[in-house]
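Take a look at the letters that make up each chain.
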Amino acid sequence: LLLSGEGAQNIEFKNTSTTTSRIANLEITNKSGLVTFGSNKVTVTGELNDNGNKTNGFVSLGANATLKNNAFGGNIYLGNSSTIKQPWVIGGDLETNDTVRLGADVTVKGNYKNRTGSLYLDGHIFEVYGNASVGDTSSAYVRLNGGTFKCHGNVTLEKNGSRTCFVMEKAADYVYIG
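A few points on the structure.

A word on the pattern of salt bridges
A pair can form between side chains of opposite charge whenever their charged atoms are brought close.
Reasoning step 1: Scanning all chains against the criterion turns up three salt bridges.
Reasoning step 2: We note a salt bridge from Arg 101 to Asp 122, for which the minimum N-O separation is 2.9 Å. Of the two residues, Arg 101 is situated in strand 15 (residues 100-102) and Asp 122 in the loop between strand 18 (118-120) and strand 19 (125-128); the sequence distance between them amounts to 21 residues.
Reasoning step 3: Salt-bridge contacts for Arg 143 lead to Glu 169; the nearest nitrogen and oxygen are separated by 3.0 Å.

With respect to the packing of aromatic side chains
Reasoning step 1: Considering all chains together, one arrives at four aromatic pairs under this definition.
Reasoning step 2: Seen from their ring centres, Phe 126 and Phe 149 are 5.7 Å apart, and the 25° between their planes marks the pair as stacked. Of this pair, Phe 126 sits in strand 19 while Phe 149 sits in strand 22 (residues 148-151), placing them 23 residues apart in sequence. The same class applies to Phe 126 as to Phe 149, namely buried.
Reasoning step 3: Between Phe 149 and Phe 166, the aromatic rings sit 4.9 Å apart at their centres with planes inclined by 65°, giving edge-to-face as the arrangement. A residue pair is termed long-range when its members are at least 10 positions apart, and Phe 149 in strand 22 and Phe 166 in strand 24 (residues 165-167) qualify at 17 residues. Comparing Phe 149 with Phe 166 shows no difference in burial state: the two are buried.
Reasoning step 4: Every member of this aromatic cluster is reached through a ring pair, and the members are Tyr 112, Phe 126, Phe 149 and Phe 166.
Reasoning step 5: Lying over the aromatic face of Tyr 77, Lys 41 brings its terminal NZ or CZ to 4.8 Å of the ring centre.
Reasoning step 6: Positioned above the aromatic ring of Tyr 120 is the side chain of Arg 101, whose terminal nitrogen or guanidinium carbon lies 4.1 Å from the ring centre.

The rules behind each value
- Residues numbered from 1 in each chain as written.
- Predicted model: local features only at pLDDT ≥ 70, side-chain atom pairs only at ≥ 80, totals over all residues.
- Heavy atoms only, no water.
- Salt bridge = Lys/Arg side-chain N within 4 Å of Asp/Glu carboxyl O.
- Helix = DSSP H or I, 4+ residues; strand = E, 2+ residues; numbered from the N terminus.
- Phe/Tyr/Trp six-rings, centres within 6.5 Å; stacked < 30°, edge-to-face > 60°.
- Buried < 20%, exposed > 50% of the residue type's maximum accessible area, 1.4 Å probe, protein only.
- Lys NZ or Arg CZ within 6 Å of the ring centre and 35° of its normal.

Have a look at this one:
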């Protein structure tokens, strides 16, 4: 799908997931800054390319989706178990809702929210320039596995469950908040 208009463009599916309504590849050449993804989080299963153009709302990525040039200026939602295999720079917010493993470093220029899943850093750097929150349920956590979690804003552990936490078991595990 190519969004190449010059004015406002809105994309919304009533039912969206990696198995129902979805887009294989999405390219945005609309420079208006008025491309909006609806509240149901349009799902992209292939390549996502914003060409540096501003977007509003969240784009949900399937487990094997990729970012053109390893970057996206908008907001990303990962609701499926996935591994980020290339270094990513996310210009907006990142929200996760399942198991996500890092196979490369990730930079989030907005906020990070880990709702109910687990984030495994696996020796990589996960850097958030906004705020980070972990846990709408008692099973959300960040496992460092020799990695580094940097947050330049505030970090909030939402629930007091036994698994809403940072898991640090290796000498190389590092958390920076500040």
